[in-house]
Amino acid sequence: AGIHHAWILHRLEEVKDSVDAAVAGYNFNDGAQALYRFIWNEFCDWYLEMIKDELNREDPEERKVAEACLHTVLREILILLHPFTPFVTQEIWSHLPGIAQENLAKEPFPEARAYCRNPEVVEAMQLLQETIVAVRTIRAELNIAPSLHLDVLVKTRDSKAKEILDTYVGMIQTLARVGQVTTGPDVTGPKASASAVVQGNQCFVPLTGAVNFEDELARLDKELGKIDKDLGIVTKKLANEGFVAKAPKEVVDKERAKADELADKRTKLEDLQQRLKDAMEA
């Protein structure tokens, strides 16, 4: 089975522990939050995306493994979630194949599976996820079309990182929409490239042919101009002693938070602007 199956089953065991402890301690909000984060941020955001190709492949063995794991996780998610959202979960349960008990409320709490606990897969999955997010972030920052398959080069920190990236290169290519992935301790990116550090590994995305540097710099200039205008308005308001003294504290705090957010965004855009200028000169 792939790392993504092992990872989601391991995380499911941890979520069972969290929900069991929360319900036993009458901390129902904690249980609901644990389920929400798991279902939305891990099961939906990552796992479902990772198994799409396997569910559509002609290889019956891969498809069978993916379907079995998906069925197990979805079945136990519905049982865990039922006390919090009974009507929705019962409706989904009624459409789930292979269910003997029609009334979800009568299902016992899912049994623990010690053999599914595998903390090592969490670290490996984090490397894959952060690498994919790094490429997605570079693509988003530079307005690179989703249809354009980028190349990625990764200077790996050690042989373990290289093995993980090489073994699951197909997952990176699919989820980050990239073409060739090159890994190794001696990998270097071209000067005209964007980069990011992921767990001590240096990721490079060559930009030549992927970015119109002049258009992108013009867009950044326009965006920085708007930020400067908005930041000027907020800064002037906060410099007004009458406003700070008379306005409700929550209003003043909101304006200060807005000023900090604008200043942070400005710094990030200036860094991006400089990287593009450096790439143009390469």
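What counts as what
- Residues numbered from 1 in each chain as written.
- Predicted model: local features only at pLDDT ≥ 70, side-chain atom pairs only at ≥ 80, totals over all residues.
- Heavy atoms only, no water.
- Pairing = 2+ DSSP bridges.
- Helix = DSSP H or I, 4+ residues; strand = E, 2+ residues; numbered from the N terminus.
- Axes fitted to C-alpha atoms, helices over the stretch in contact; angles between N-to-C directions.
- Contact = heavy atoms within 4.5 Å.
- Phe/Tyr/Trp six-rings, centres within 6.5 Å; stacked < 30°, edge-to-face > 60°.
- Buried < 20%, exposed > 50% of the residue type's maximum accessible area, 1.4 Å probe, protein only.
- Lys NZ or Arg CZ within 6 Å of the ring centre and 35° of its normal.
- Core = buried A, V, L, I, M, F, W, Y, C linked by side-chain atoms within 4.5 Å.
- Polar contact = N/O pair within 3.5 Å; in protein donor to acceptor, adjacent residues only side chain to side chain.
- Expected span 1.5 Å × (residues − 1).
- Parallel < 35°, antiparallel > 145°, perpendicular 65-115°, else oblique.
- Left-handed = near helix turned anticlockwise from the far one by under 90°.
- Nonpolar A, V, L, I, M, F, W, Y, C, P; charged D, E, K, R; others polar.

1. Section: the sheet that holds strand β2 (residues 178-184)
With mixed pairing, 4 strands are arranged side by side in an open sheet as β2-β1-β4-β3. Looking at strand neighbours, the two that pair on one side only are β2 and β3 (193-198), the edges of this open sheet. Taking the axes of each pair of neighbouring strands and ignoring which way they run, one obtains an average angle of 20° across the sheet. Bridge count for strand β1 (residues 150-155) against β2 is 5 bridges, and the pairing is parallel. Residue pairing across strands places L150 opposite V178, the latter belonging to β2. Sheet strands in contact with helix α5 (residues 119-141) are β1, β2, β3 and β4 (201-206), and its direction is about 150° off that of β3. Helix-sheet contacts for helix α6 (residues 159-167) involve β1, β2 and β4, and the interaxial angle to β2 is about 160°.

2. Topic: the packing of aromatic side chains
Overall, the coordinates contain 2 aromatic pairs when judged by the stated rule. Ring geometry for Y26 versus F28: centroids 6.0 Å apart, planes at 90°, classification edge-to-face. On the basis of relative accessible area, F28 is assigned to the partly exposed category, the value being 43%. Between F43 and Y47, the ring centres sit 6.2 Å apart and the planes meet at 25°, which makes this aromatic pair stacked. Here the residue F43 and the residue Y47 both occupy positions in helix α2 (residues 28-56), the gap between them amounting to 4 residues, near one helical turn. Just as F43 is buried, Y47 falls in that class too. It is R136 that lies over the ring of W46; its NZ or CZ is 5.4 Å from the centre. The ring of F243 has K237 sitting right over it, with the charged end atom 5.9 Å from the ring centre.

3. Some thoughts on the nonpolar core
Judged by nonpolar contacts, the single largest core of 67 residues is most densely connected at V73 and L142. One finds L78, W93, L96 and I99 within the second-largest nonpolar core, a separate group that totals 6 residues.

4. Some remarks on the side chain of T183
For T183, the position within the fold is in strand β2. Note on T183: relative accessible area 12%, which makes it buried. A polar atom in the side chain of T183 sits 2.9 Å from the side chain of K162. Polar contacts involving the side chain of T183 include one to the side chain of D166, which spans 2.6 Å. Setting aside anything within four residues of it in sequence, one finds T183 in contact with V154, T156, K162, L165 and D166.

5. A short note on helix α1 (residues 3-24)
With 22 residues, α1 ought to run about 32 Å at 1.5 Å a step, and its terminal C-alpha atoms sit 32 Å apart, in line with that. Y26, located one to two residues past α1, shows a positive phi value of around 60°.

6. Notes on the packing of helix α3 (residues 60-81) against helix α4 (residues 86-94)
Between α3 and α4, the least distance of the axes is 9 Å, while the angle of their chain directions is 150°. For the element pair α3 / α4, the angle class is roughly antiparallel. Seen along the crossing, α3 lies across α4 with a hand that is left-handed. Taken together, the residues of α4 that come into contact with α3 (itself represented by R75, L78, I79 and L81) are T89, I92 and W93.

7. A closer look at the packing of helix α8 (residues 213-239) against helix α10 (residues 249-281)
Viewed as axis vectors pointing N to C, α8 and α10 meet at an angle of 155°, and their least axial separation amounts to 9 Å. Judged on the interaxial angle alone, α10 and α8 are roughly antiparallel. Where α8 crosses over α10, the two elements pack in a sense that is left-handed. Residue composition of the contact of α8 with α10, grouped by class: 17 nonpolar, 1 polar and 14 charged.

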